[in-house]
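In case you want the letters, here they are:
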Amino acid sequence: MTQISTAVTRAATLTRQLLAAGSRRLVQLEPQDLNTLIRKQSQTLRRLVGEGIVLENTWGSYVAPVLADPYLLEYILLNLVLNARDAMPAGGAITISTATVRLDDTQVPGIPGARAGNFVRLAVRDTGCGMTPEVQAQLFEPFFTTKDIGKATGLGLAGVYGAVRQQSGWIEFTTDVGAGTEFRVFLPSAQAAEALARMEAKAATRAIKGTVMLLDRTSGRADWPDAF
């Protein structure tokens, strides 16, 4: 029974990773409290990192609600922490931090999805081995892994990338060989997303204004009513 349960769990995990990496899951965006989510997952995260690794949280003084899918948000957090753990086989420290940030046009990085506006930032930093330029170049590719065959699917970070993009965000990182890595996920704040939706709705309403020509098929006469 234990082997069956383990196999089922692995199959379910692989399925979730494939769906996230392939952006095939129906996303349900709702306002979420990121700090609350991290607190709820704290015991699970400590069990995942195991002994020899210190897990620290740094909360922003005020973190706005983020517009996100709760399943995908949890998926992003767990996989970033697992990736940090695997980068420190001899132990170390993982720091999870949150913040509300406002970016102007001069602060936007040149990566897909990045833009100016109000965002919630989730950062996961480790004190591990860091990544070489060769690893960085393939980091988010599906099935890419630096682990031995059979020890990893290579879908963790690819799934994180897909999950972030599904929620209109982006992910960036900084790393130094031998000095650790930090991943930073940016997702729209709920207030900013709602304001943008209202602006887009107004723009769509204005866009449908125009003039319609009515053609009387019996007489062949075209009537031009007033614009609406």
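Residues numbered from 1 in each chain as written. Predicted model: local features only at pLDDT ≥ 70, side-chain atom pairs only at ≥ 80, totals over all residues. Heavy atoms only, no water.

Here the focus is the sheet that holds strand S2 (residues 53-58). Note on sheets: strands pair through backbone hydrogen bonds, and any given pair is parallel or antiparallel. Spatially, the five strands line up as an open sheet ordered S2-S4-S5-S7-S6, and their pairing is mixed. Two strands bound the open sheet, and with one partner strand each, they are S2 and strand S6 (170-176). Direction aside, the axes of adjacent strands within the sheet are offset by 15° on average. Summarising the sheet, S6 and strand S7 (residues 180-188) pair through seven bridges and their orientation is antiparallel. (Pairing = 2+ DSSP bridges. Helix = DSSP H or I, 4+ residues; strand = E, 2+ residues; numbered from the N terminus. Axes fitted to C-alpha atoms, helices over the stretch in contact; angles between N-to-C directions.)

With respect to the secondary-structure elements, Gly-92 resides in strand S4 (residues 92-103). Sequence separation of Gly-92 and Gly-52 is 40 residues, and the distance between their C-alpha atoms is 6.7 Å. Not counting the four nearest positions on each side in its chain, Gly-92 is found in contact with Gly-52, Ile-53, Val-54 and Thr-127. (Contact = heavy atoms within 4.5 Å.)

So, on to the confidence of the model for the chain. Summary statistics for the chain give a mean pLDDT of 80 and a share of 68% for residues scoring 70 or more. The secondary-structure element of the chain with the lowest mean pLDDT is helix H1 (residues 2-21), recorded at 43, while S7 shows the highest, at 97. Taken as a whole, residues 1-23 scores under 50 in pLDDT and shows 24 contacts with residues more than four places along the chain or in a different chain. (pLDDT = per-residue confidence, 0-100.)

Here the focus is the side chain of Gln-32. Within the secondary structure, Gln-32 sits in strand S1 (residues 30-32). On the basis of relative accessible area, Gln-32 is assigned to the buried category, the value being 16%. Residues in contact with Gln-32, not counting those within four places in the same chain, are Pro-65, Val-66, Ala-68, Pro-70 and Leu-73. (Buried < 20%, exposed > 50% of the residue type's maximum accessible area, 1.4 Å probe, protein only.)

In this structure, Ile-76, Leu-80, Ile-94, Ile-96, Phe-183 and Val-185 are the most contacted members of the largest nonpolar core, which totals 38 residues. Sort the elements by how many residues they give to this core and helix H4 (residues 70-86) lands first, with nine residues. In contact with Ile-94, other than residues within four places in its own chain, are Val-49, Ile-53, Val-54, Leu-55, Glu-56, Val-81, Ala-84, Arg-85, Met-88, Val-124 and Arg-125. (Core = buried A, V, L, I, M, F, W, Y, C linked by side-chain atoms within 4.5 Å.)

This part is about the packing of aromatic side chains. The tally for this structure, following the rule as stated, stands at six aromatic pairs. Ring plane angle 45° and centroid distance 5.7 Å describe the contact between Phe-173 and Phe-183, whose orientation is recorded as tilted. Here Phe-183 lies in strand S7 and Phe-173 lies in strand S6, a separation of 10 residues in the sequence. Using a relative accessible area of 23% as the deciding quantity, one classes Phe-173 as partly exposed. Judged by its relative accessible area of 2%, Phe-183 falls in the buried class. Following the ring pairs from residue to residue traces out a cluster consisting of Phe-140, Tyr-161, Phe-173 and Phe-183. (Phe/Tyr/Trp six-rings, centres within 6.5 Å; stacked < 30°, edge-to-face > 60°.)

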